[in-house]
Amino acid sequence: MPVIPIPALFAAEPTPPTCETAGSFDFEDTFPNVSVTVSPAYDGPGVYQLTITAENGATFSDGTTTKTRIITVEGALGFQSTDPAAPCFTGSTPTPTPTQFTPAPTPTPTPTPTVLNVGVLAPICDNDVPKLRYEITATGTTNTTVTITWINPGGADVVLTNQPLSGTVNWPGAVSVNGRGVDWPGWRQLSNGTWVQGDEFDWVRPSVNVLFQVNPEATVTVAYPPSSPSCLTSPVNAVLAADGQLSATGNDPRPLLAVSTALAAVGFAMAAGGAWLRRREQSAD
């Protein structure tokens, strides 16, 4: 009967770990007539039981047939920052303190100045109706309408709200029927059909201040449009009907203007006066 030396059991030493690599265990059966089992099955670092069993009638020197041993496989030694005596000790790298800084203040954007230009501004006569034609350019604002105020220096103003930025508006006091002028500011008709100067719209002639408000605003002084041989902005008094009576407003007195050179001269003199513009700019609300 063969006898197996006990030292064979103690030759099963695990591979020691290093700083980066875990230990291992790889037992080789170098003796005959023995079987070796490991429980649990080897799976990296941990605690295992090694069992060696004598076979084929063999025994160990003490007469037994089974020997066991506990094997511990250690993991990698790793970083040992708290133990300077450890094989793999390395002083920890200090964490850098972040640099403290105060961010630069966000600059306040400079607002775009709002500017209002009142252009293509002209008093006109259209089918015997005095009108004001205007065109407004507004920058630095999103407003798309204008408030037009005819400024009365001695009473209530005439205010037109929500007007387009370009267009044509009637002169205050002008009255039209079917698109043709039949009454004019600064004139009133007596019961006998005679026109005389003076009514509640005297203040719009010979010129008037007009305020355009989009935000900002501009005030413009405009001259009342003069009559011409083809368009009336004032009535003609000395017009007789066929029956010898003074004519009513429904009659058309314009043919007599062809021979009224004095009236035409006055009209063109008023046109030469023109309109002057005074613009005032202000910042948007």
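Going by the structure above, here's the rest.
In this text, all values refer to a predicted model and were calculated from it rather than measured experimentally.

This part is about the overall build of the chain. Scanning the chain from N- to C-terminus turns up one helix and 17 strands. Put simply, the chain has 285 residues, and 31% of those count as buried. Partitioning the intrachain contacts of the chain with sequence separation of at least 6 by distance along the chain shows that 54% fall at a separation of at least 24.

The subject of this paragraph is the environment of Pro153. Structurally, the position occupied by Pro153 is in the loop between strand S8 (145–150) and strand S9 (158–164). For Pro153 and Asn209, which are 56 residues apart along the polypeptide, the C-alpha to C-alpha distance reads 8.9 Å.

With that out of the way, let us pick up the sheet that holds strand S2 (residues 34–39). With antiparallel pairing, the three strands of this open sheet are ordered in space as S2-S3-S5. Of all the strands in the sheet, just S2 and strand S5 (66–73) have a single pairing partner and so form its edges. The sheet shows a mean angle of 20° between the axes of neighbouring strands, direction not considered. One ladder, built from eight bridges, connects strand S3 (residues 46–54) with S5; its direction is antiparallel.

Under the criterion given, the structure shown has five aromatic pairs. Measuring from ring centre to ring centre gives 5.6 Å for Tyr134 and Phe212, while their planes differ by 50°; the resulting arrangement is tilted. Of this pair, Tyr134 sits in strand S7 (residues 129–139) while Phe212 is found in strand S15 (residues 207–213), placing the two residues 78 residues apart along the sequence. On the basis of relative accessibility, which here comes to 2%, the residue Tyr134 falls in the buried class.

What counts and what doesn't
Residues numbered from 1 in each chain as written. Predicted model: local features only at pLDDT ≥ 70, side-chain atom pairs only at ≥ 80, totals over all residues. Heavy atoms only, no water. Helix = DSSP H or I, 4+ residues; strand = E, 2+ residues; numbered from the N terminus. Buried < 20%, exposed > 50% of the residue type's maximum accessible area, 1.4 Å probe, protein only. Contact = heavy atoms within 4.5 Å. Pairing = 2+ DSSP bridges. Axes fitted to C-alpha atoms, helices over the stretch in contact; angles between N-to-C directions. Phe/Tyr/Trp six-rings, centres within 6.5 Å; stacked < 30°, edge-to-face > 60°.

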